[in-house]
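Topology and contacts: notes
Chain residues, written in single-letter form:
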Amino acid sequence: LEYFVMMSKMLVAFVFTCLLYVGSAQQSTVSALFAFGDSILDTGNNNLLATLTKVNFFPYGRDLGGLPTGRFGNGRVFSDMIAEGLGLKNLLPAYRNPALSSNDLVTGVCFASGGSGLDSITARIQGVIWVQDQVRDFQNYITRLNGVVGSQEKTNEIISNAVYLISAGNNDIAITYFTTVTRRLQYTLPAYTDLLVTWTRDLIKSLYDMGARKFAVMGTLPLGCLPGARSSIANLFKVCEVFSNQAAAMFNQKLSVELDNLGATFPGAKFMYVDMYNPLMGLINNPQASGFVDAADGCCCTPTSIMPCLDASSYVFWDIAHPTQKSYQTITPNIIQDIKAKLA
């Protein structure tokens, strides 16, 4: 009898172990995270560029152990938090960081460049890395990854099961279209936002042709509500600037529709639209509900506040254009769940 009891316990333990293994295997369907686009995702790729669009100096990184890593914020940025939420790592390293380790290549890196966009003019006027040049960096990455993992089969497995996080369009609208005349002379706003969607599709195709299959594509922030847009001399009451928000909403709506239809164009791929506009507007319209005090000003480095505030967690925005670490922490949990549900 004791023998049968012992065998029964062993069988139960074996079945339980198998179920745990199957469950973990089902959950571990994202191999890596790759980030492309602009400063919302950049983790330090601009540090060695000859550009003013970089932040590898104090007080940036003040709440990341006091380290100015080149992240556009007081601490971790959106790409870091998505990487953590997917169970990959807490910090997504910049691909152009000379100290990048081979071990970091396997679970993903960041190719994004602060100030960049879909429009080549956007990157050129700031001297940063255009998204198509980021794709070339990704091609170089694949060669390096193959050397690390030792087989093309393993490389292909990582590439096809990774999530590709894209944030582009913010600078194209806010800088290239509204603050320079080149594109406004060529295109109406509806025509330009159509062009941005076309360029997004081109970017996706470039990555798809290299094996990418899981795409999380971000819409723009509410550009008219950024502290930089509110700080003009004429804007005495610091209200949100209407035209920039309308442009952002126009692009976001078109992008969302495009992503819904891309499955037929790219067989085997999955797409999801990441709404950044409405979650941030929720914080801006009702900051107190999430523990914020100020949603109109930046904690740091704005025309009215050169020195940083004492507590960035009370601010929705860190500087003239970028949310604080706490803002990202507030909006990312729902986005991570969506990514897991739709892409993992």
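Residues numbered from 1 in each chain as written. Predicted model: local features only at pLDDT ≥ 70, side-chain atom pairs only at ≥ 80, totals over all residues. Heavy atoms only, no water.

Per an unreviewed UniProt entry, the recorded name for the chain is GDSL esterase/lipase, and the organism is Brassica napus. What the UniProt record of the chain gives under Sequence similarities (unreviewed entry) is the line "Belongs to the 'GDSL' lipolytic enzyme family." (UniProt positions renumbered as here; feature names shortened; annotations may be inferred.)

Under the counting rule described, the total for this entry stands at 10 salt bridges. Measuring nitrogen to oxygen at the nearest pair gives 2.7 Å for the salt bridge that ties aspartate 119 to arginine 183. In this pair, aspartate 119 is assigned in the loop between helix H3 (102–105) and helix H4 (120–126) and arginine 183 in helix H8 (residues 182–186), connecting sequence segments 64 residues apart. For the pair shown, aspartate 119 and arginine 183 are each scored as buried. (Salt bridge = Lys/Arg side-chain N within 4 Å of Asp/Glu carboxyl O. Helix = DSSP H or I, 4+ residues; strand = E, 2+ residues; numbered from the N terminus. Buried < 20%, exposed > 50% of the residue type's maximum accessible area, 1.4 Å probe, protein only.)

On to the environment of glycine 127, then. Turning to its location among the elements, glycine 127 is positioned in the loop between H4 and helix H5 (131–149). Assessed through its relative accessible area of 33%, glycine 127 is described here as partly exposed. Sequence separation of glycine 127 and asparagine 46 is 81 residues, and the distance between their C-alpha atoms is 9.3 Å. Sequence-distant contacts of glycine 127, defined by excluding residues within four places in its chain, comprise Leu49, Ala50 and Thr51. (Contact = heavy atoms within 4.5 Å.)

Along strand E2 (residues 163–167), 5 of the 5 residues are buried, which leaves the element largely enclosed by surrounding structure. Judged by which residues are buried, E2 turns out to be covered on both faces: Val163, Leu165 and Ser167 on one side and Tyr164 and Ile166 on the other are all buried. Alignment of strand E1 (residues 33–37) against E2, held across 5 bridges, turns out to be parallel. Across the sheet, the residue bridging to leucine 33 is valine 163, located in E2. In the sheet, E2 pairs with strand E3 (residues 214–218) via 5 bridges, with the strands oriented parallel. Note that in E3 the partner of tyrosine 164 across the bridge is phenylalanine 215. (Pairing = 2+ DSSP bridges.)

Pairing is parallel in the open sheet, where 4 strands are placed in the order E1-E2-E3-E4. What marks the edges here is a single partner per strand, and that holds for E1 and strand E4 (270–274). Between one strand axis and the next, the sheet turns by 20° as a mean value, whatever way the strands run. Helix H11 (residues 242–261) rests against E3 and E4 of the sheet, and its axis sits at about 160° to E4. (Axes fitted to C-alpha atoms, helices over the stretch in contact; angles between N-to-C directions.)

Turning to the packing of aromatic side chains, a few remarks are in order. Scanning the entire structure with this criterion turns up 24 aromatic pairs. Ring geometry for phenylalanine 34 versus tyrosine 141: centroids 5.1 Å apart, planes at 65°, classification edge-to-face. With phenylalanine 34 in strand E1 and tyrosine 141 in helix H5, this pair connects stretches of sequence that are 107 residues apart. When sorted by exposure, phenylalanine 34 lands in the same class as tyrosine 141, which is buried. Between phenylalanine 78 and tyrosine 328, the aromatic rings sit 6.0 Å apart at their centres with planes inclined by 55°, giving tilted as the arrangement. With phenylalanine 78 in helix H2 (residues 78–85) and tyrosine 328 in helix H13 (residues 325–342), the pair connects residues that are 250 residues apart, well separated along the chain. Accessibility expressed as a relative area gives 0% for phenylalanine 78, which makes it buried. Through successive ring pairs, a cluster of aromatic residues spans Phe34, Phe36, Tyr95, Phe111, Phe138, Tyr141, Tyr164, Tyr208, Phe215, Phe266 and Phe271. Taking the ring centre of tyrosine 208 as reference, the NZ or CZ of arginine 213 above it sits at 3.8 Å. One Lys or Arg, lysine 326, reaches over the ring of phenylalanine 292 and ends 4.6 Å from the middle of that ring. (Phe/Tyr/Trp six-rings, centres within 6.5 Å; stacked < 30°, edge-to-face > 60°. Lys NZ or Arg CZ within 6 Å of the ring centre and 35° of its normal.)

What follows covers the state of the cysteines. Per the stated rule, a full pass over the model turns up 3 disulfides. If one numbers only the bonded cysteines of the chain, in the order they occur, the disulfide pattern is 1-2, 3-6, 4-5. (Disulfide = S-S within 2.5 Å.)

A separate point is helix H12 (residues 277–285). For H12, the complete set of buried residues consists of Tyr277, Leu280, Met281, Leu283 and Ile284. Down the axis of H12, the sector holding all buried residues measures 160°, keeping them to one side. Packing partners of the buried residues in H12 comprise helix H10 (227–230), H11, strand E5 (294–298), strand E6 (315–317) and H13. (Arc of directions from axis to C-beta.)

Turning to the packing of helix H9 (residues 189–208) against H11, a few remarks are in order. As a packed pair, H9 and H11 sit with axes 9 Å apart at the nearest point and diverge in direction by 40°. Classed by the angle they form, the pair H9 and H11 counts as oblique. The hand of the H9/H11 crossing is right-handed. Here Leu189, Pro190, Thr193, Asp194, Leu196, Val197, Thr200, Arg201 and Ile204 of H9 come into contact with H11, specifically with Ala247, Met250, Phe251, Lys254, Leu255, Glu258 and Leu259. Considering only residue class, the contact of H9 with H11 consists of 10 nonpolar, 2 polar and 4 charged. (Parallel < 35°, antiparallel > 145°, perpendicular 65-115°, else oblique. Left-handed = near helix turned anticlockwise from the far one by under 90°. Nonpolar A, V, L, I, M, F, W, Y, C, P; charged D, E, K, R; others polar.)

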